[in-house]
Amino acid sequence: MTAVIRAEGLTKFYGESRGVVDLGFDVEAGEVFGFLGPNGAGKTTTIRLMLDLIRPSVGRLEIFGLDVRKQSVAVRSRTGYLPGDLHLYERLTPREYLRYIAALRGLDGLGEGEALAERFELELERPIKALSKGNRQKVGLVQAFLHRPDLLLLDEPTAGLDPLVQQTFNELLREVVAEGRTVFLSSHILSEVQRLADRVAIIREGSLELLEAVETLRARAFVRVEATFSEPPPQEAFANLPGVRELERHGPVVLLALEGSADPLIKALARYEVLALDSHEADLEDFFLALYRKGASCAE
Amino acid sequence: MLSSVFLKTLRDRRRGFIYWALGLVAFIAMEVAVYPTVRDNPEFKKLSENYPDAVKSFFGFGGQFDITSGAGFLGIEAFSMIVPLILIFCTVAAGASAIAGEEERGTLDLLLSLPVSRSRCLLEKLAALVVETLALGLVLWTALVIAVPLAKMHVGVGELLAASLLATALALVLGMIALAVGAASGRRGLAIGVSASLAVATYVVNSLASLVGWLEHLQWASPFFYYARSDPLRNGLDVSDLLVLLGIALVAACLAPIAFARRDLSTP
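What counts, and where the lines are drawn
Residues numbered from 1 in each chain as written. Chains lettered and ligands numbered in written order. Predicted model: local features only at pLDDT ≥ 70, side-chain atom pairs only at ≥ 80, totals over all residues. Heavy atoms only, no water. Pairing = 2+ DSSP bridges. Helix = DSSP H or I, 4+ residues; strand = E, 2+ residues; numbered from the N terminus. Contact = heavy atoms within 4.5 Å. Axes fitted to C-alpha atoms, helices over the stretch in contact; angles between N-to-C directions. Parallel < 35°, antiparallel > 145°, perpendicular 65-115°, else oblique. Left-handed = near helix turned anticlockwise from the far one by under 90°. 1 Å grid on protein atoms, 1.4 Å probe; cavity = no way out; pocket = protein on both sides within 12 Å on 5 of 7 lines; lining within 4 Å. Points joined across faces, edges and corners; volume = space filled by probe spheres on them. Nonpolar A, V, L, I, M, F, W, Y, C, P; charged D, E, K, R; others polar. Buried area = accessible area lost by both parts, 1.4 Å probe. Salt bridge = Lys/Arg side-chain N within 4 Å of Asp/Glu carboxyl O. Polar contact = N/O pair within 3.5 Å; in protein donor to acceptor, adjacent residues only side chain to side chain. Buried < 20%, exposed > 50% of the residue type's maximum accessible area, 1.4 Å probe, protein only.

Colleague: So what exactly am I meant to see when it comes to the sheet that holds strand E4 (residues 58-63) of chain A here?
Modeller: Residues and elements named next belong to chain A. Strand order in the open sheet formed by four strands is E2-E1-E4-E5, and the pairing between neighbours is antiparallel. Across the chains shown, the open sheet's two edge strands, defined by having one partner strand only, are strand E2 (17-28) and strand E5 (66-67). Two elements, strand E1 (residues 3-14) and E4, share five bridges in a ladder whose sense is antiparallel. Bridge assignment links isoleucine 5 to a residue of E4, and that residue is isoleucine 63. Sheet strands in contact with helix H1 (residues 43-50) are E1, E2 and E4, and its direction is about 65° off that of E2.

Following this line, the structure appears as structure tokens:
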């Protein structure tokens, strides 16, 4: 299978400051490729490189087998883009805006825009400057999809969308992928990417840290347990427990990562006086914390 | 009006354009209303003849400094400073906002994510600037053609056309420079600053060249030199001067896409 997106040694520096460093990955046709990382990690930089809005310092980047620099217009004609930081023409109505986008894409009317707007319950006639954040995001989404692109580059697409609209968005993505089209989805929310993506690349401080199928990632998922004791437990209290890793310790508060059965941990906790116990599914930050605490075992 | 970058740009500029055009028409109307008083009062002639050379040089336009003749009055009162100023304000604002304005507002990223090459985007915006400048020149000429006979100024339609064309070409030069600086830097303020400074500096160089010896050698570099030296209100159009101005505008227009194609676009 040929890759829809192929990055090799992709590096971008802005003067001295780091954009992305030596990125290499393939995105296959018909998959949702999650591009996960905290804010400032280089997600937007990567997407802007794909659209030739900025130019790589070093490295190769091909989309549909075309060089994104030399054949940029051909790449862009088959690509839909939703910017993370969306700026629209404030004085236009969504209908006027979408008509402009459609015209520059060589389509009559709004293309698929009319149907998409209806689906997202986007009101087309009020000036954009009067719209809420969520409604603006809908305009951004509709313009990205209206020409039925083969590839969607979506930068934090669900920002500002209420849960119901997110549902519609998720359905739309599933349809797109079912048609064999491809989605490159950037996000800083682990659960969102886990829900939508087939494979996940994790980017941190400009470098690719991890590239795995979501299933594999899920297997690594853990629960974060925060226990507050009446007095600090011994340093070795939670060492060598199966499935348990101590992540952090601040006096009597101990942060633990738990994989698999909770029983060994509960038994261990019971030996001390526990004032408070809190647990929830790990988010991206916890995930990073665990990734780096594991150290060498994870860097293979 | 939303089927191309060219038409969208014109649409975006319509409000600004109408204000500048109204200002221009109001100014011409006021000048015409004042002229009979100046013409019929011999004191003005004596007064203006006795102005110091520095004043004559600074506020003169082309030929002799004669405020009571129609051509002299229009030159001194309108074409020496205010008319080019209004035109330049308008074209510099349009030129600076063409690329840099969209870039600073953050709308350029999405525009250039569409299958529109940077050079095509820039050329359509450039074409819109040319059309807007020509339209403003047409407003100027039309206002003059209507107003000048009313005040019995005795300046021919051809001479008015010559002066209007040169003023339009001069404004186009500075508008193109603003567009080029904006396309090269992505910064609207810088584009306005550079063009406005250039306009002031080259105006001063040209105005004072006849008084300050060493400035005379710089005069050829001032677009105002080619704008005024033929005294178009009396002598009609000097085509070579018009071509020089259009040539400078063309050079700026050619540099703009080259600079724009090379750089990274910025986000607000």
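Continuing now.
Colleague: Whenever I open this one, the packing of helix H7 (residues 118-150) of chain B against helix H8 (residues 157-185) of chain B confuses me. Can you help?
Modeller: A packed helix pair is summarised by two numbers, namely the angle formed by the two axes and the spacing between the axes. Residue and element names in this part refer to chain B. Remark: H7 packs on H8, axes separated minimally by 9 Å, with the N-to-C direction vectors making an angle of 155°. When the interaxial angle is binned, H7 and H8 end up roughly antiparallel. In this structure, H7 meets H8 at a crossing whose hand is right-handed.

Colleague: Any chance you could explain the layout of surface pockets here in plain terms?
Modeller: In this approach a probe as big as a water molecule rolls over the atoms, and the regions it shows empty are the leftover space. Size it by volume and the largest pocket reaches roughly 660 Å³. In terms of lining residues, the largest pocket is bounded by 22 residues, among which Arg91(A), Lys8(B), Asp12(B), Arg13(B) and Arg105(B) are the most central. If you list the elements that add at least two residues to the lining of the largest pocket, you get helix H1 (5-40) and helix H5 (82-105) of chain B. No other element matches H1(B), which puts eight residues into the lining of the largest pocket. If you trace the second largest pocket, you find 25 residues lining it, with Thr44(A), Thr45(A), Arg48(A), Asp85(A) and Asp155(A) closest to the centre. At the level of secondary structure, the elements contributing two or more residues to the lining of the second largest pocket comprise E2 and H1 of chain A together with helix H6 (108-111) of chain B. In terms of residue count, H1(A) provides more of the lining of the second largest pocket than any other element does, four residues in total. Class assignment of the residues belonging to the lining of the second largest pocket gives a composition of six nonpolar, 11 polar and eight charged.

Colleague: What should I look at first to understand the interface of chain B and chain A in this one?
Modeller: Interface size is commonly expressed as the accessible surface area that is lost when the partners come together. Taken together, the contact between chain B and chain A spans 31 residues of the former and 29 residues of the latter. Surface buried jointly by chain B and chain A totals about 2600 Å² across both partners, of which 55% is contributed by carbon and sulfur atoms. Looking only at chain B, the three residues that lose the most surface to chain A are Leu2(B), Leu110(B) and Pro115(B), adding up to 25% of its buried area. Where chain B packs against chain A, one counts three salt bridges. Note that Lys12(A) is salt-bridged to Asp264(B), the shortest N-O span being 2.4 Å. At the boundary of chain B with chain A, the tally comes to 14 residue pairs in polar contact (both at pLDDT 80 or more). When contributions to the side of chain B that touches chain A are tallied by element, the ones reaching two or more residues are H1, H5, H6, H7 and helix H12 (239-262) of chain B.

Colleague: When you look at the pairing of strand E13 (residues 253-258) of chain A in this model, what are you seeing that I'm missing?
Modeller: Within a regular strand, the side chains alternate between the two sheet faces. All names here are of chain A. Most of E13 is tucked away, with five of its six residues classed as buried. Pairing geometry for strand E11 (residues 223-229) and E13, over six bridges, is antiparallel. Among the inter-strand pairings, arginine 224 is bridged to a residue of E13, identified as alanine 257. Note: strand E12 (residues 244-250) against E13, six bridges, orientation antiparallel. The partner of valine 244 across the bridge, within E13, is leucine 258. Linking E12 back to E13 in an antiparallel pair, the connection comprises two residues, with glycine 251 at a positive phi of about 60°.

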